[in-house]
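# Coordinate analysis (summary)
Take a look at the letters that make up each chain.
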Amino acid sequence: MRWPGSRAAKPFARPQRWLGIWWGMIAVVIVGSLLPALLLPDLPAGSDKIEHLLGYAILAAMAVQVFAGWRALTAAAVFLVALGVGIEVAQDVLTTTRAMDAMDAVANTCGVVLGAASALTPLRDALLRADQRYEASSRR
């Protein structure tokens, strides 16, 4: 099975592994965002914004690790922003215990920007380097 984004992935030995992990992380965010509020822990007021920021920063930083080229990274970032907004709408439309919050969407978007900015650091290819080292050591 080829995951969406396979052609845009960096030259990993097994790109499907890393794409599958990224898509799996997205699925976890979607499910967690639509769970009934009763199943979620009580948090101090406003602290959920930090969760939104960090969650989407991690998703975007993982996209930086998986995808090659600015076009693919931009598409992933736009997708993540749209996902964050879409989930907020879905919380309002599809659930009875969750509510849409524009500030959550803002926190999601700020997280995407923060995670995407990791493309400007020397760490942008850390996963690729680790993947190549692992593959080289496993051939010995």
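### Focus: the overall build of the protein
Tallying secondary structure elements over the protein gives five helices and zero strands in all. Secondary structure of the protein in N-to-C order comes out as α-α-α-α-α. Its C-alpha atoms give the protein principal-axis dimensions of roughly 55 × 30 × 25 Å. Residues counted as buried form 34% of the 140 residues belonging to the protein. Intrachain contacts of the protein at a sequence separation of at least 6 include 75% that bridge at least 24 residues. Summed over its atoms, the accessible surface of the protein is roughly 8,400 Å², and 69% of this surface lies on carbon and sulfur atoms.

### Looking at the pattern of salt bridges
All told, the structure shown has six salt bridges when counted by the stated rule. Ionic pairing is found between Asp125 and Lys10, a salt bridge with its closest N-O pair at 2.6 Å. Taken together, the residues Asp125 in the loop between helix H4 (102–116) and helix H5 (126–139) and Lys10 in the segment before helix H1 (15–34) connect sequence positions 115 residues apart. Judged by relative accessible area, Lys10 falls into the buried class, the value being 7%.

### Notes on the nonpolar core
Counting residues in hydrophobic clusters, the biggest one holds 26 residues, and the most contacted among them are Trp22, Tyr56, Val66, Phe67 and Leu80. Looking at this core, the elements with two or more residues in it are H1, helix H2 (48–66), helix H3 (70–94) and H5. Apart from the residues within four sequence positions on either side, Val66 is in contact with Ala8, Ala9, Lys10, Phe12, Trp18, Leu19 and Leu127.

### Concerning the packing of H3 against H4
The geometry of H3 relative to H4 is characterised by a closest axis approach of 9 Å and an angle of 165 degrees between their N-to-C directions. With respect to their mutual orientation, H3 and H4 come out roughly antiparallel. For the pair H3 and H4, the crossing hand works out as right-handed. Residue-level inspection shows Ala77, Leu80, Val81, Gly84, Val85 and Glu88 of H3 in contact with H4, the latter providing Asp104, Ala105, Asn108, Thr109 and Val112. Partitioning the contact of H3 with H4 into residue classes produces six nonpolar, three polar and two charged.

### Describing the side chain of Glu135
Of note, Glu135 is situated in helix H5. Note on Glu135: relative accessible area 8%, which makes it buried. Those residues in contact with Glu135 that lie beyond four places of it in its chain are Ala13, Arg14 and Arg17.

### Considering the packing of H2 against H4
Put simply, H2 and H4 touch, their axes get as near as 7 Å, and they point 35 degrees apart. Classified by chirality, the crossing of H4 by H2 is right-handed. Between H2 and H4, the contacting residues are Asp48, Lys49, His52, Leu53, Tyr56, Ala57, Ala60, Ala61 and Val64 on the first element and Met103, Asp104, Ala107, Asn108, Cys110, Gly111, Val112, Leu114, Gly115 and Ala116 on the second. Taken together, the residues of the contact of H2 with H4 break down into twelve nonpolar, four polar and three charged.

### Here's the deal with the packing of aromatic side chains
A full pass over the atoms with the stated rule returns five aromatic pairs. Measuring from ring centre to ring centre gives 6.2 Å for Phe12 and Trp18, while their planes differ by 50 degrees; the resulting arrangement is tilted. The buried category is assigned to Phe12, whose relative accessible area is 7%. Note on Trp18: relative accessible area 15%, which makes it buried. Taking 5.0 Å as the distance between ring centres and 65 degrees as the angle between the ring planes, the aromatic pair formed by Trp22 and Trp23 counts as edge-to-face. Of the residues examined, Trp22 reaches a relative accessible area of 2% and is grouped as buried. For Trp23, a relative accessible area of 22% translates into the label partly exposed. Within the aromatic cluster, the residues linked to one another by ring pairs are Trp22, Trp23, Phe67 and Phe79.

The rules behind the values
Residues numbered from 1 in each chain as written. Predicted model: local features only at pLDDT ≥ 70, side-chain atom pairs only at ≥ 80, totals over all residues. Heavy atoms only, no water. Helix = DSSP H or I, 4+ residues; strand = E, 2+ residues; numbered from the N terminus. Buried < 20%, exposed > 50% of the residue type's maximum accessible area, 1.4 Å probe, protein only. Contact = heavy atoms within 4.5 Å. Areas by Shrake-Rupley, 256 points an atom, 1.4 Å probe, with all protein chains shown as cover. Salt bridge = Lys/Arg side-chain N within 4 Å of Asp/Glu carboxyl O. Core = buried A, V, L, I, M, F, W, Y, C linked by side-chain atoms within 4.5 Å. Axes fitted to C-alpha atoms, helices over the stretch in contact; angles between N-to-C directions. Parallel < 35°, antiparallel > 145°, perpendicular 65-115°, else oblique. Left-handed = near helix turned anticlockwise from the far one by under 90°. Nonpolar A, V, L, I, M, F, W, Y, C, P; charged D, E, K, R; others polar. Phe/Tyr/Trp six-rings, centres within 6.5 Å; stacked < 30°, edge-to-face > 60°.

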